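Each chain, letter by letter, is given below.
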Amino acid sequence: EKGGYDHFMLKEIYEQPRAIKDTYRGRLLADQGIIRMAGIDQNMEKFLNANRIIIVACGTSWHAGLVAEYIFEDLARISVEVEYASEFRYRNPVITDKDVLIAISQSGETADTLAAIKLAKEKGAFVFGVCNVVGSSIARETDAGAYTHAGPEIGVASTKAFTTQITVLTLIALKLAKAKGVFSESRYHEYLTELETIPSKVEKALQSNTLIEIIADVYKDSTNCLYLGRGYNFPVALEGALKLKEISYIHAEGYPAAEMKHGPIALIDEHMPVFVIATKKGHYEKVVSNIQEIKSRKGKIIAIVTEGDEQVRDLADHVIEVPETLESLTPLLTTIPLQLLSYHIAVMRGCNVDQPRNLAKSVTVE
Ligand code: M6R
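Residues numbered from 1 in each chain as written. Predicted model: local features only at pLDDT ≥ 70, side-chain atom pairs only at ≥ 80, totals over all residues. Heavy atoms only, no water.

Caption draft 1: Inspection of the site of the ligand at higher detail. Ser61, Ser105, Ser107, Thr110 and Glu246 are the nearest of the 14 residues found near the ligand. Ser107 is positioned with one of its side-chain polar atoms (N or O) 2.7 Å from an oxygen atom of the ligand. Between the ligand and Lys243 there is a distance of 2.9 Å, counted from an oxygen atom to a side-chain nitrogen or oxygen. Relative to its unbound accessible surface of 410 Å², the ligand loses 91% to contact with the protein. Structurally, the ligand is housed in the largest pocket. Of all the secondary structure elements, the ones that give two or more residues to the shell around the ligand are α5 (59-76) and α12 (234-248). (Near = heavy atom within 4 Å. Polar contact = N/O pair within 3.5 Å; in protein donor to acceptor, adjacent residues only side chain to side chain. Areas by Shrake-Rupley, 256 points an atom, 1.4 Å probe, with all protein chains shown as cover. 1 Å grid on protein atoms, 1.4 Å probe; cavity = no way out; pocket = protein on both sides within 12 Å on 5 of 7 lines; lining within 4 Å. Sits in = over half its atoms within 2 Å of the grid points. Helix = DSSP H or I, 4+ residues; strand = E, 2+ residues; numbered from the N terminus.)

Caption draft 2: Highlighting the pairing of strand β5 (residues 99-105). In terms of burial, β5 is largely enclosed, as seven of its seven residues are buried. Burial along β5 is two-sided: Asp99, Leu101, Ala103 and Ser105 facing one way and Val100, Ile102 and Ile104 facing the other are all buried. Here five bridges tie strand β3 (residues 52-57) to β5, and the two strands are oriented parallel to one another. Residue pairing across strands places Arg52 opposite Asp99, the latter belonging to β5. Pairing analysis gives six bridges linking β5 to strand β6 (residues 126-131), with the strands arranged parallel. Note on β6: the bridge partner recorded for Ile104 is Val130. (Buried < 20%, exposed > 50% of the residue type's maximum accessible area, 1.4 Å probe, protein only. Pairing = 2+ DSSP bridges.)

Caption draft 3: A look at the sheet that holds strand β12 (residues 318-322). If you walk across this open sheet you meet the five strands as β9-β8-β10-β11-β12, and the pairing is parallel. Of all strands in the sheet, those bounded by a partner on one side alone are β9 (251-256) and β12. If you compare each strand with its neighbour and ignore which way they point, the axes differ by 20 degrees on average. Across six bridges, the pairing between strand β10 (residues 273-278) and strand β11 (residues 300-306) is parallel. Counted as the bridge partner of Phe275 is Ile302 from β11. Across the sheet, α12 touches β8 (224-229), β9 and β10, and the angle it forms with β9 is around 175 degrees. Helix-sheet contacts for helix α13 (residues 284-296) involve β8, β10 and β11, and the interaxial angle to β10 is about 165 degrees. (Axes fitted to C-alpha atoms, helices over the stretch in contact; angles between N-to-C directions. Contact = heavy atoms within 4.5 Å.)

Caption draft 4: Local environment of α5. End to end, α5 covers 25 Å across 18 residues, agreeing with the expected 26 Å (1.5 Å per residue, within 8%). Among the residues trailing α5, Arg77 stands out with phi positive, at a value near 55 degrees. (Expected span 1.5 Å × (residues − 1).)

Caption draft 5: Up close: the pattern of salt bridges. Counted according to the given criterion, the structure contains 23 salt bridges. Of the charged contacts, one joins Asp22 and Arg25 as a salt bridge, the two residues approaching to 2.5 Å between their closest N and O atoms. Its relative accessible area of 18% is what places Asp22 among the buried residues. By relative accessible area, which is 54% here, Arg25 ends up exposed. Across the pair Glu293 and Lys261 runs a salt bridge whose closest N-O atoms are separated by 3.5 Å. You can see Glu293 sitting in helix α13 and its partner Lys261 sitting in the loop between β9 and β10, a full 32 residues away along the chain. Each of Lys11, Glu15, Arg18, Asp22, Arg25 and Lys160 takes part in salt bridges that share partners, so that together they form one network. (Salt bridge = Lys/Arg side-chain N within 4 Å of Asp/Glu carboxyl O.)

Caption draft 6: Focus on the environment of Gly263. Among the secondary structure elements, Gly263 is positioned in the loop between β9 and β10. Among the residues examined, Gly263 registers a relative accessible area of 36% and is labelled partly exposed. Taking the C-alpha atoms as reference points, Gly263 and Asp112, 151 residues apart in sequence, are found 31 Å from one another.

Caption draft 7: Representation of helix α15 (residues 331-348) within the structure. For α15, built from 18 residues, the straight-helix expectation of 26 Å at 1.5 Å per residue is met to within 8% by its first-to-last C-alpha distance of 26 Å. Counting buried residues in α15 gives 16 out of 18 residues, a clear majority hidden from the surface. In the stretch just after α15, Gly350 is the one whose phi turns positive, near 75 degrees.

Caption draft 8: Representation of empty space enclosed by the protein within the structure. Tallied over the full model, the rule gives one cavity of 30 Å³ or more. Computed from the structure, the largest cavity encloses a volume of approximately 40 Å³. Along the walls of the largest cavity sit Thr279, Lys280, Lys281, Thr306, Val322, Pro323, Glu324, Thr325 and Thr330, which together make up its complete lining. (Points joined across faces, edges and corners; volume = space filled by probe spheres on them.)

Caption draft 9: Quick look at the packing of aromatic side chains. As enumerated under the stated definition, the model contains eight aromatic pairs in all. Pairing Tyr5 with Tyr14 gives two aromatic rings, centres 5.5 Å apart and planes at 25 degrees, and the pair type is stacked. Arranged with centres 6.5 Å apart and planes meeting at 75 degrees, the rings of Tyr219 and Phe275 form a pair that is edge-to-face. A residue pair is termed long-range when its members are at least 10 positions apart, and Tyr219 in helix α11 (residues 209-219) and Phe275 in strand β10 qualify at 56 residues. Taken together, Phe47, Phe126 and Phe128 form an aromatic cluster joined through their ring pairs. Its end group placed over the ring of Tyr284, Lys280 keeps NZ or CZ at 5.2 Å from the ring centre. (Phe/Tyr/Trp six-rings, centres within 6.5 Å; stacked < 30°, edge-to-face > 60°. Lys NZ or Arg CZ within 6 Å of the ring centre and 35° of its normal.)

Given below as structure tokens:
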């Protein structure tokens, strides 16, 4: 059942090229310049007339929501707010019938997310679901939706659900960008064809596994880790830290790289590993200067860089390369080494990777 892998988590990490392809199969028709998604097509007016999109989710799905905020605002020029479902439902939020709410959930059973949907519906908002489990409570409760088609995710640590959620949300953003006329034909075409290359680029990113195992061995006994990223890769830093915490029980925090000097920099010394996402395009030079700041305080730097990078290689203690892609698609690649890293560290520490202590796969109580 684990397909020859030691754990479901590792199997699911390796399934990502296929899972992402399954997510866009039948939807992304790049040669015809079409993205086909019935749930969006049938409700296009609702999306186009929306005041804003509110995204609600928990945990890793909330991180996918944060990536979506960058994608929707940057590509489709629609204003987005991302909320923890638990906070949203209890803070008497302002919701109107001009709002569109997108709920993201792998299981489709998360209690707080379900309650947030019910609240938004009561207030007249249009509610769209992005779920993995077909026929789940959230899938049934929403007005329309798009499944991720990632296949069953058994490991408690979410991996392929995250990258497929981002894939679905990217398809939606591209459809809206096209419908709004904010994208030129050529830019739209560039995105569609680049999206089709992502599965093979994820495959390439997975090839760093042996190097990542070596790096994991160096840092497996750390008690604290920092994860930094900017822009599209800030949510990836949060996700990398969550993945490490939940399966290896090492304390980790993710931050926008620029926030470092507003507090976390005080933590940095020779015992602090700092994982920095430093891919080209995404404010690269600014991240490089953040890396210099860490280095001058003797922090250990493990950088995720674009293939062929030389500048960061000179500064970092370790670099892990990912293929080049459009900036907004980089989270689909930069996430991969961070998943593998937390996996190997957890295995080396003898942790129960697939069923970490105190955690359940779906959180059906608030
Ligand atoms: O099923 P959901 O996507 O609604 O679950 C949300 C979170 O409980 C989930 O992502 C959790 O944070 C994972 N264990 C993270 O790996």
